[in-house]
Protein chains: 2
Amino acid sequence: MKPKGLLLVLSGPSGAGKGTICQMLRNKLPDIGYSVSVTTRAPREGEVDGVNYFFKTVEEVKTMIAAGGLLEYAEVYGNYYGTPRDYVMELLEQGKDVILEIDIQGALQIKKRFPDGVFVFIVPPSLDELSSRIYKRGTDSEEVIKKRLASATGELAYASEYDYIIVNDIAEKATEKVLTVMEAERYRAARTYFIIDEICHCRKED
Amino acid sequence: MKPKGLLLVLSGPSGAGKGTICQMLRNKLPDIGYSVSVTTRAPREGEVDGVNYFFKTVEEVKTMIAAGGLLEYAEVYGNYYGTPRDYVMELLEQGKDVILEIDIQGALQIKKRFPDGVFVFIVPPSLDELSSRIYKRGTDSEEVIKKRLASATGELAYASEYDYIIVNDIAEKATEKVLTVMEAERYRAARTYFIIDEICHCRKED
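The notes below deal with the structure included here. (Residues numbered from 1 in each chain as written. Chains lettered and ligands numbered in written order. Predicted model: local features only at pLDDT ≥ 70, side-chain atom pairs only at ≥ 80, totals over all residues. Heavy atoms only, no water.)

### Digging into the overall build of chain A
Along its length, chain A carries nine helices and nine strands. With respect to the principal axes defined by its C-alpha atoms, chain A has extents near 75 × 40 × 30 Å. For chain A, restricting intrachain contacts to residue pairs at least 6 apart in sequence, the fraction spanning at least 24 positions comes to 68%. Of the accessible surface of chain A, which amounts to about 10,700 Å², a share of 50% is contributed by carbon and sulfur atoms. Side-chain charges in chain A split into 27 positive and 32 negative, and the spacing between the mean points of these groups amounts to 2 Å. (Helix = DSSP H or I, 4+ residues; strand = E, 2+ residues; numbered from the N terminus. Contact = heavy atoms within 4.5 Å. Areas by Shrake-Rupley, 256 points an atom, 1.4 Å probe, with all protein chains shown as cover. Lys, Arg positive; Asp, Glu negative; His and termini not counted. Charge placed at Lys NZ, Arg CZ, Asp CG, Glu CD.)

### With respect to the nonpolar core
The biggest cluster of nonpolar side chains holds 40 residues, and the ones touching the most others in it are A:Leu10 and B:Leu10. Apart from the residues within four sequence positions on either side, B:Leu10 is in contact with B:Lys18, B:Ile21, B:Cys22, B:Leu25, B:Ile99, B:Leu100, B:Glu101, B:Ile102, B:Val120, B:Ile122 and B:Val178. Formed by 33 residues, the second largest nonpolar core is a distinct cluster that contains A:Val88, A:Leu130, B:Ala189 and B:Ile195. (Core = buried A, V, L, I, M, F, W, Y, C linked by side-chain atoms within 4.5 Å. Buried < 20%, exposed > 50% of the residue type's maximum accessible area, 1.4 Å probe, protein only.)

### Examining unusual backbone geometry
Residue and element names in this part refer to chain A. A positive phi angle is found at Tyr77, which is not glycine, with a value near 50 degrees. Along the chain, Tyr77 turns up in the loop between β5 (70–76) and β6 (79–84). Take Tyr77: its relative accessible area is 69%, and that puts it in the exposed class.

### As for the sheet that holds strand β3 (residues 37–39) of chain B
All names here are of chain B. An order of β4-β3-β6-β5 is seen for the four strands of this open sheet, with the pairing classed as mixed. At either end of the open sheet lies a strand with only one pairing partner, and these are β4 (53–55) and β5 (70–76). Geometrically, the sheet is characterised by an average inter-axis angle of 25 degrees between neighbouring strands, direction not taken into account. Judged from the three bridges that link them, β3 and β4 form a sheet pairing that is parallel. Bridged to Thr39 within β4 is Phe55. Those strands touched by helix α2 (residues 58–66) are β3, β5 and β6 (79–84), and its axis lies near 45 degrees from that of β6. Strands β5 and β6 of the sheet are contacted by helix α3 (residues 85–93), whose axis makes an angle of about 20 degrees with β6. (Pairing = 2+ DSSP bridges. Axes fitted to C-alpha atoms, helices over the stretch in contact; angles between N-to-C directions.)

### A look at helix α1 (residues 18–28) of chain B
All names here are of chain B. The set of residues buried in α1 consists of Lys18, Ile21, Cys22 and Leu25. Seen along its axis, α1 keeps its buried residues to an arc of 100 degrees; they face one direction. Check the buried side of α1 and you find it contacts β1 (7–11), β2 (33–34), β7 (98–101), β8 (118–123) and α7 (171–186). (Arc of directions from axis to C-beta.)

### Observations concerning the pairing of β1(B)
Residues and elements named next belong to chain B. With five of five residues buried, β1 is to be regarded as a mostly interior element. Of the two faces of β1, both are covered, the one formed by Leu7, Val9 and Ser11 as well as the one formed by Leu8 and Leu10. Where β1 and β7 come together, four bridges link them in parallel fashion. Opposite Leu7, over in β7, you have Val98 as the bridge partner. With four bridges connecting them, β1 and β8 associate as parallel partners. From the neighbouring strand, Leu10 faces β8, where its bridge partner is Val120.

### Things to note about the packing of aromatic side chains
Under the counting rule described, the total for this entry stands at eight aromatic pairs over all chains. Taking 6.5 Å as the distance between ring centres and 45 degrees as the angle between the ring planes, the aromatic pair formed by B:Tyr73 and B:Tyr80 counts as tilted. For B:Tyr73, a relative accessible area of 29% puts it in the partly exposed group. Taken together, A:Tyr53, A:Phe55 and A:Tyr81 form an aromatic cluster joined through their ring pairs. The ring of A:Tyr34 carries A:Arg26 above its face, with NZ or CZ at 3.6 Å from the centroid. (Phe/Tyr/Trp six-rings, centres within 6.5 Å; stacked < 30°, edge-to-face > 60°. Lys NZ or Arg CZ within 6 Å of the ring centre and 35° of its normal.)

### What to know about the interface of chain A and chain B
On the chain B side, the residues contacting the 35 residues of chain A number 35 residues. Where chain A abuts chain B, roughly 3,200 Å² becomes buried across the two surfaces, and 67% of that area is made up of carbon and sulfur atoms. Contact with chain B buries surface across chain A, with A:Ile165, A:Tyr187 and A:Ile199 losing the most and accounting together for 20% of the total. Where chain A meets chain B, there are two salt bridges. (Buried area = accessible area lost by both parts, 1.4 Å probe. Salt bridge = Lys/Arg side-chain N within 4 Å of Asp/Glu carboxyl O.)

### Digging into the relation of the copies chain A and chain B
For the pair chain A and chain B, the relating rotation is 180 degrees, the translation along its axis is 0.0 Å, and the fit reaches an RMSD of 0.0 Å. As the rotation angle and translation indicate, the two copies are arranged about a two-fold axis. The fraction of interface residues of chain A whose copies in chain B are also interface residues reaches 100%, indicating that both copies meet through the same surface. (Least-squares fit on C-alpha atoms with pLDDT ≥ 70 in both.)

What follows is the structure in structure tokens.
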């Protein structure tokens, strides 16, 4: 019997570095499944449908939500973003691991709908470091940066809802730690109990 | 803040190889705490009190049991065996990991009294291999061997009570897997949540 894949949910406050770790994991695990989100916002220059996002109309996304077709979704500044359920479930059934990099609210929605996932909370080594990372990124307006910093402390409190907490001091080291968690999770009794059936049924008859 | 140590409980049917793995772990982790059991049986030649066992009278052990001083105990062929609670708890409080190699009934008693432990079930790759290992060991009488084999299938069913199941095909590899589990368990949210407090309180005031 082939075990199902792991759903690895990487989350944490913005600036914690989950995007960098996610990219490093995908480089190290080229076969890992990666969920493409749906969105109703307009494509930005260079964004490709089915690669960066599945671009949908508001009507289409509302239909998916009503049918339970999204593992999680959010409305942000008037646009919908969500994770398509079927795509992720098919990969897991095939025995393929899937990684999801997602904000805290999204991760908590997924945990309710799919508690078998492995929920990893990435945290910065300090609030000063978090602040410095968000400023360096430079893609957000001053106003957005201030909002994000203000919510960071509140967001950190959600760590207790997760299975694991990994401090992202050096991204390579944090990535190795996530890989260690993924390996250990494969030995979890709930995931490997099928081995017991295999052992008990493979005995040669005397 | 220094985190508490991990209590690693290695268990499984006899012949699964938990003793070998336990010894390999102790070689790789010379600082790991190892619990010395109490027993009421007479010392065998070469056994040293406080090293192999704490040799006690039946009265002494009964007093310990009544006072909740044993994490688990069993009466086997008229002799008591048990794991002293205080010794293990002191090591964990000091931040030291402790390993316990123990039979299934003992492990399940410990799980009730100390659910924060990490419970690893070691299984043989097949029942044929289990049978061959018990015979090769040659320390048991034919009668005892037959009893052990007969109970092996039943014992394997307890795997679902554990946190992890590790197949011991090659002992070195199985030992590495246990080390991976120990590392991952250090990142468990329940064990590392103190980091969140540290992050939130170490911010320099502007």
